[in-house]
Amino acid sequence: RNTYFLSLLHVAMEDLELVIMKFVFLLVAVVTTGSRVAAAPCTGKDLTRVDDEDGELVVEATVDLIQRVFPPDNDFLRRLAYVESRDGTIKCDTSDRSALSVTSARSDDQTDNCGGIWRVCAKQLRMTQEDESLMNHRAGILSNLKIDWLDVTMSDLQAPFYSGLAARLIIAKLEPVPQSDEIEMQGEYWNKTYCASKVLGAECSSSCSNINKDDFTDLVNELLDQEIKDCFIRGLELYFVLDASGSIGEENFERVRNFTSEIAGSFEIGPQGTQVGVIIYSQTAAFVFDLDDNSNRDDLLFNISQIPYISGGTATGDALYLLATEAFTPERGVRNSSFGLPHVGIVLTDGKSNRGIAVDVAAPLVHAQDIQTIVVGVGDNINHMELLVIADYDNSSVYDVDSFQTQQLNNLQKIIALSSCKAVDILRAGEVVEAISVKEGVNSFFEVNITSEGITVFLDVTEGASVIYYSCYIGKPSKAYHDGCLATDNSTQTYIPSCVTNLKEKRQENSGSSKLFLTIETLLENNTFKVNFVIGDQSSPIAPSGPPQSISVIAIDHQSFRAEWDPPKIYHQNGDILQYVVSVTTVDSGETVVFNSTETNLLVNNLRSSAKYSAAVSAVNADGMGPFSDPSTVETHDRTIPSWSIVTLLFVGLLLVMTGIVAVYLKCIRMQHRAVTKP
């Protein structure tokens, strides 16, 4: 009987081992689509929150995002990134990650310099968390960005966005930054204010101890030169509006000509590039030459050198009226609106308008035509409020220069050239933009008002390939930051619902609309494309164009994990999400099994212990399956049996053996009893 029982126990233990070791996946058919997705869609992306990302696009996106919650800093934060780490391309030693995990930077370690692109150290971070004068800024970060700054650690600063926020808080603690064109004064500010020992400490920033104010100035000029060199645009429609009044004088007006030549000469001039016209004003205003009068750079620069100086009064309003009503017309050489080129006016004056049409009457006419204005005021007689009116109250587009003979004017040449290079074409729904034979890597920037009905974007590529990055939040979306994008060598479309932003411009609140920003980048050697914007959802049904978001995979025990995720962004869903497809791959063998879930989570069982798995998720609507998310990796727990389980098994086994022995003994007693009592 005992032998029989032990045999049963042996079989039971084999079954238990089989259950523990068994590895079972339920194979579910992949959902197939009944229609062709109209594009090669790409997902939204934010590299500014990814550790150790670097480069110009990442820094510019970071600065753009930070400016949503901080006032302008005259380009200082942008320049600081280049001075400190060449936009993060010069790496500091972060091999010892344990040194970066200082909770809220409240450690005594003040020597850590590795606070990301902006090289913010532990002492600086602690100051931004404890200084009472920054309380309102910290509250704004919490309200607008959902970041509790008191919880930020040095490890967080490895992501560009957190590093930039820390640097911007430091700047907010200090006195105002000099104008962006005052590069030498910014160098002085950096040296004597930003690097001051009472704020940072000599041990806290390597750049402060390694370079001086002149080095800062040289690096900023190097940055500007490189940005201008790398600025590839299809072209501009550009007018210079030049003050030739008596207060300037012939000698200074020659400097005005040189100033104009330097800026104009930085562009590719011609009917397929940038076209330049000139208006001068004194007693009255007049055209010197039109947009299409110069087909190449040499002709343009020669004609600029021949601009006459006429002396007299200052009829600024008359010049603005010409800019608004005549300058950008076919008669003056402007190209068709389908070219999609920004209209820019650079206005230079040395005094207050004293005759002709009032500036506050003429300037709104300019803005109503979506002409972007950059204003330069020179000397002591300028009226800053008048300059602001001309610039549509955009202080970042207004520059005050002490005199025509300062280095500041030379600095402005680069800054205005770069600003013009990044000008945005303001479009209206229904307008079509066409570009023919555009070189690789050329960018076009657009802004469209988007109402509560949303907007449908159509991209048709007949040659080459192009990508559209779009965003409700930053003015120059790129591969470093975008809410969504369309990439195709054929045709694609997407519907974008109304943007929800924190922007406070009254004209947006009154119109019930918000701004959508787009960047079109060409991808191949020659590219021809057409873009159209239509109010409302005019798109054809397509599968989700973006993956689920925020994928999280957590091991439960040695044989299971749980995956959780959020739905795709609303403008990627393209209809109601019916279910999700979860692809689970065993990392070492590459074996893949697919599951379905109608919820935004899934429990996966019957896995191997101490094994690595990756999970990617795709959303499915009525028209098909969208792209998979980036895979998330997890490792199941170790299969080690707890000591209490071993004791329990031994006890149960001993109990069963004893039960068997007792049963045999009792049977023997009964058999013996029958033998004794048998007659």
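These numbers come from a predicted model, not from an experiment. (Residues numbered from 1 in each chain as written. Predicted model: local features only at pLDDT ≥ 70, side-chain atom pairs only at ≥ 80, totals over all residues. Heavy atoms only, no water.)

When helices and strands are counted, the chain shows 18 helices and 26 strands. The contacts of the chain with a sequence gap of at least 6 include a subset with a gap of at least 24, amounting to 76%. Carbon and sulfur atoms form 52% of the exposed surface of the chain, whose accessible area is close to 31,500 Å². (Helix = DSSP H or I, 4+ residues; strand = E, 2+ residues; numbered from the N terminus. Contact = heavy atoms within 4.5 Å. Areas by Shrake-Rupley, 256 points an atom, 1.4 Å probe, with all protein chains shown as cover.)

Now for the environment of Arg 119. The residue Arg 119 is located in the loop between α3 (76-85) and α4 (122-130) in this model. In the structure, Arg 119 is positioned 31 residues away from Gly 88 in sequence and 9.1 Å away in space, judged by C-alpha atoms.

Attention now moves to the sheet that holds strand β16 (residues 491-496). Here 4 strands make up an open sheet; going across it, the order is β10-β18-β12-β16 and the pairing antiparallel. Edge positions in the sheet fall to β10 (432-439) and β16, since each of these pairs with one other strand and no more. Between one strand axis and the next, the sheet turns through 15° on average, direction left out of account. (Pairing = 2+ DSSP bridges. Axes fitted to C-alpha atoms, helices over the stretch in contact; angles between N-to-C directions.)

This part is about the pairing of strand β8 (residues 398-401). Burial along β8 is two-sided: Val 398 and Asp 400 and Tyr 399 and Val 401, pointing in opposite directions, are all buried. Looking at chain direction, strand β7 (residues 372-378) and β8 are connected through 4 bridges and run parallel. If you follow Val 378 over to β8, its bridge partner there is Val 401. For the handedness criterion, the β-α-β arrangement of β7, helix α14 (residues 384-390) and β8 is classed as right-handed. (Buried < 20%, exposed > 50% of the residue type's maximum accessible area, 1.4 Å probe, protein only. Right-handed = clockwise from strand over helix to strand, strands pointing away.)

Turning to the confidence of the model for the chain, a few remarks are in order. On average, residues of the chain score 82 in pLDDT, and 83% of them are at 70 or above. Per-residue pLDDT stays below 50 along residues 1-41; that stretch engages in 57 contacts with residues further than four places along the chain or on separate chains. The low-confidence segment residues 94-111, where pLDDT is below 50, has 39 contacts with residues more than four positions distant or belonging to other chains. (pLDDT = per-residue confidence, 0-100.)

Moving on, we get to the nonpolar core. Most often, soluble globular proteins have nonpolar side chains that are buried together. With 92 residues, the main nonpolar core has Trp 118, Trp 149, Trp 190 and Tyr 194 as its most contacted residues. It is helix α6 (residues 160-173) that provides the largest number of residues to this core, a total of 8 residues. Core analysis: the next-biggest nonpolar cluster, separate from the first, contains 29 residues, Ile 279, Val 359, Val 366 and Val 375 among them. (Core = buried A, V, L, I, M, F, W, Y, C linked by side-chain atoms within 4.5 Å.)

In this section: the packing of helix α10 (residues 249-264) against helix α11 (residues 297-305). Relative to each other, α10 and α11 sit at 165°, their axes nearing to 9 Å. When the interaxial angle is binned, α10 and α11 end up roughly antiparallel. Of the two possible hands of crossing, α10 and α11 adopt the one that is right-handed. Facing Arg 257, Thr 260, Ser 261 and Ala 264 of α10, the residues of α11 in contact are Leu 300, Leu 301, Ile 304 and Ser 305. (Parallel < 35°, antiparallel > 145°, perpendicular 65-115°, else oblique. Left-handed = near helix turned anticlockwise from the far one by under 90°.)

A few words now on the packing of aromatic side chains. A full pass over the atoms with the stated rule returns 10 aromatic pairs. A centroid spacing of 6.2 Å and a plane angle of 85° characterise the contact between Phe 161 and Tyr 162, whose relative ring orientation is edge-to-face. The interplanar angle of 40° and the centroid separation of 6.3 Å between the aromatic rings of Phe 561 and Tyr 613 together place this pair among those described as tilted. In this pair, Phe 561 sits in strand β20 (residues 560-566) while Tyr 613 sits in strand β24 (residues 612-621), placing the two residues 52 residues apart along the sequence. Counting every residue linked through ring pairs, the aromatic cluster contains Phe 76, Tyr 189, Trp 190, Tyr 194 and Phe 216. Here the guanidinium or amino end of Arg 332 rests over the ring plane of Phe 287, the centre of that ring lying 3.7 Å away. (Phe/Tyr/Trp six-rings, centres within 6.5 Å; stacked < 30°, edge-to-face > 60°. Lys NZ or Arg CZ within 6 Å of the ring centre and 35° of its normal.)

For the rest of this paragraph, the subject is a nonpolar patch on the surface. Residues Phe 651, Val 652, Leu 655 and Leu 656 make up a contiguous nonpolar surface patch of about 360 Å² in total accessible area. Along the polypeptide, Leu 656 turns up in helix α18 (residues 643-677). (Patch = residues over 30% accessible without salt bridge, like charges linked within 9 Å, V, L, I, M, F, W, Y side chains within 5 Å. Salt bridge = Lys/Arg side-chain N within 4 Å of Asp/Glu carboxyl O.)

As summarised here, the arrangement of the 6 strands in space is β5-β4-β3-β6-β7-β8, forming an open sheet in which the pairing is mixed. Edge positions in the open sheet fall to β5 (285-289) and β8, since each of these has one partner strand only. Within this sheet the neighbouring strands show an average axis-to-axis angle of 20°, counted without direction. Across the sheet, helix α12 (residues 316-327) touches β3 (237-243), β4 (275-281), β5 and β6 (343-349), and the angle it forms with β5 is around 55°.

Our next topic: the packing of helix α7 (residues 183-194) against helix α9 (residues 213-229). In the contact formed by α7 and α9, the axes pass within 8 Å of each other and the chain directions differ by 130°. Relative to α9, the element α7 lies oblique. Crossing hand, α7 versus α9: right-handed. Note on element contacts: α9 touches α7 through Lys 213, Phe 216, Thr 217, Val 220, Asn 221 and Leu 224, opposite Ile 183, Glu 184, Gln 186, Gly 187, Glu 188, Trp 190 and Asn 191. Counted by class, the contact of α7 with α9 contains 5 nonpolar, 5 polar and 3 charged residues. (Nonpolar A, V, L, I, M, F, W, Y, C, P; charged D, E, K, R; others polar.)

Under the counting rule described, the total for this entry stands at 19 salt bridges. Between Lys 91 and Asp 54 there is a salt bridge whose closest N-O contact spans 2.6 Å. Taken as a pair, Lys 91 in the loop between α3 and α4 and Asp 54 in the loop between β2 (45-46) and α2 (56-66) lie far apart in primary sequence, 37 residues in all. You can call Lys 91 partly exposed: its relative accessible area is 49%. Asp 87 is the salt-bridge partner of Arg 78, the closest N and O atoms lying 2.8 Å from each other. Asp 87 matches Arg 78 in its accessibility class, with the two residues each being buried. Salt bridges sharing partners connect three or more residues here, namely Arg 78, Asp 87 and Glu 227.

Bringing the pairing of β4 into the picture now. In terms of burial, β4 is largely enclosed, as 7 of its 7 residues are buried. The side-chain alternation of β4 yields two buried faces, one formed by Gln 275, Gly 277, Ile 279 and Tyr 281 and the other by Val 276, Val 278 and Ile 280. In this sheet, β4 lies alongside β3 in parallel orientation, the contact comprising 7 bridges. Note on β4: the bridge partner recorded for Asp 243 is Tyr 281. Of the crossover connections in this fold, the one passing from β3 over α10 to the parallel β4 is right-handed. For β4 and β5, the ladder comprises 4 bridges, and the chain directions are antiparallel.

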